[in-house]
Amino acid sequence: MTTTVHGLKNCDTCRKATRWLDRFQVPYTFVDYRQDKPSPETLIDWASQAGGFPALVNKSSTTWRQLPDNRKAADSDAEWKLLLREYPQLIKRPVVVTADGKVSQGFSDNGFKQRFGVGA
């Protein structure tokens, strides 16, 4: 099973997730989405699995807090896609996609144990 971890190379949470995958010998590919921005179609897929575009956004981030209110009030998929392509660092990290297409966000030891069926 191939796993892709999308995030930022300098993100502590992404580093914790990849260290966990290394420790349990789960093969993965890391994609820094600041350098390789997700396509609009990918964002739509992630949003549909996360429960909508607002669920993809890390609203406690400095980037979010510094956005003008009118950008935070995105009310269409087109506006969300534009915002997340312009500011990929707004996406909660990491986004983990397995070969079956299942998407999850964030990292926790127990969550990864359950997701990958190892280390229990």
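Source: prediction; values computed, not measured.

A. Expanded view of the nonpolar core. Judged by nonpolar contacts, the single largest core of 21 residues is most densely connected at W46 and L84. Grouped together as the second largest cluster of nonpolar side chains are eight residues, V5, A17, V96 and F116 included.

B. Fine view of the environment of S104. Tracing the backbone shows S104 in strand β4 (residues 103-105). Along the primary structure S104 and R115 are separated by eleven residues, whereas in three dimensions their C-alpha atoms are 9.1 Å apart. Those residues in contact with S104 that sit more than four places away from it in its chain are P94, V95, V96 and R115.

C. Highlighting the sheet that holds strand β1 (residues 3-7). Taken in spatial order, the four strands of this open sheet run β2-β1-β3-β4, and their pairing is mixed. Only two strands of the sheet have a single neighbouring strand rather than two, namely β2 (28-32) and β4. Sheet twist, expressed as the mean angle between neighbouring strand axes with direction ignored, is 20 degrees. Sheet topology note: the strand β3 (residues 95-98)/β4 ladder contains three bridges and is antiparallel.

D. Here's a closer look at the packing of helix α1 (residues 12-23) against helix α7 (residues 109-116). Two numbers describe how α1 lies on α7: the axes approach to 11 Å, and their chain directions differ by 45 degrees. When the axis of α1 is compared with that of α7, the two are oblique. The element α1 and its partner α7 pack so that their crossing is right-handed. Where α1 approaches α7, its residues A17, W20, L21 and R23 are matched on the opposing element by D109, F112, K113 and F116. By residue class, the composition of the contact of α1 with α7 is five nonpolar, no polar and three charged.

E. Molecular detail of the pairing of β2. Bridge analysis of β1 against β2 gives five bridges, and the strand direction is parallel. In the sheet register, H6 faces β2, and the bridge partner there is V31. Each parallel crossover has a hand, and the one from β1 via α1 to β2 is right-handed.

F. Quick look at the packing of helix α2 (residues 40-50) against helix α6 (residues 77-86). Running from N to C, α2 and α6 cross one another at 110 degrees; their axes reach a closest spacing of 10 Å. The angle between the axes of α2 and α6 places the two elements in the roughly perpendicular class. Residues P40, L43 and I44 of α2 form the contact with α6, whose own contacting residues are K81, L84 and R85. In the contact of α2 with α6, the residues fall into four nonpolar, no polar and two charged.

G. Summary view of the pattern of salt bridges. The full count for this structure, using the stated rule, is four salt bridges. Note that D109 is salt-bridged to R23, the shortest N-O span being 3.6 Å. In this pair, D109 sits in helix α7 while R23 sits in helix α1, placing the two residues 86 residues apart along the sequence. Here D109 falls in the partly exposed class, since its relative accessible area comes to 29%. With a relative accessible area of 54%, R23 lands in the exposed category. Two residues, E86 and R71, come together in a salt bridge whose shortest N-O distance is 3.0 Å. Of this pair, E86 sits in helix α6 while R71 sits in helix α5 (residues 69-72), and the two are 15 residues apart along the sequence. Note on R71: relative accessible area 23%, which makes it partly exposed.

Definitions and cut-offs
Residues numbered from 1 in each chain as written. Predicted model: local features only at pLDDT ≥ 70, side-chain atom pairs only at ≥ 80, totals over all residues. Heavy atoms only, no water. Core = buried A, V, L, I, M, F, W, Y, C linked by side-chain atoms within 4.5 Å. Buried < 20%, exposed > 50% of the residue type's maximum accessible area, 1.4 Å probe, protein only. Helix = DSSP H or I, 4+ residues; strand = E, 2+ residues; numbered from the N terminus. Contact = heavy atoms within 4.5 Å. Pairing = 2+ DSSP bridges. Axes fitted to C-alpha atoms, helices over the stretch in contact; angles between N-to-C directions. Parallel < 35°, antiparallel > 145°, perpendicular 65-115°, else oblique. Left-handed = near helix turned anticlockwise from the far one by under 90°. Nonpolar A, V, L, I, M, F, W, Y, C, P; charged D, E, K, R; others polar. Right-handed = clockwise from strand over helix to strand, strands pointing away. Salt bridge = Lys/Arg side-chain N within 4 Å of Asp/Glu carboxyl O.

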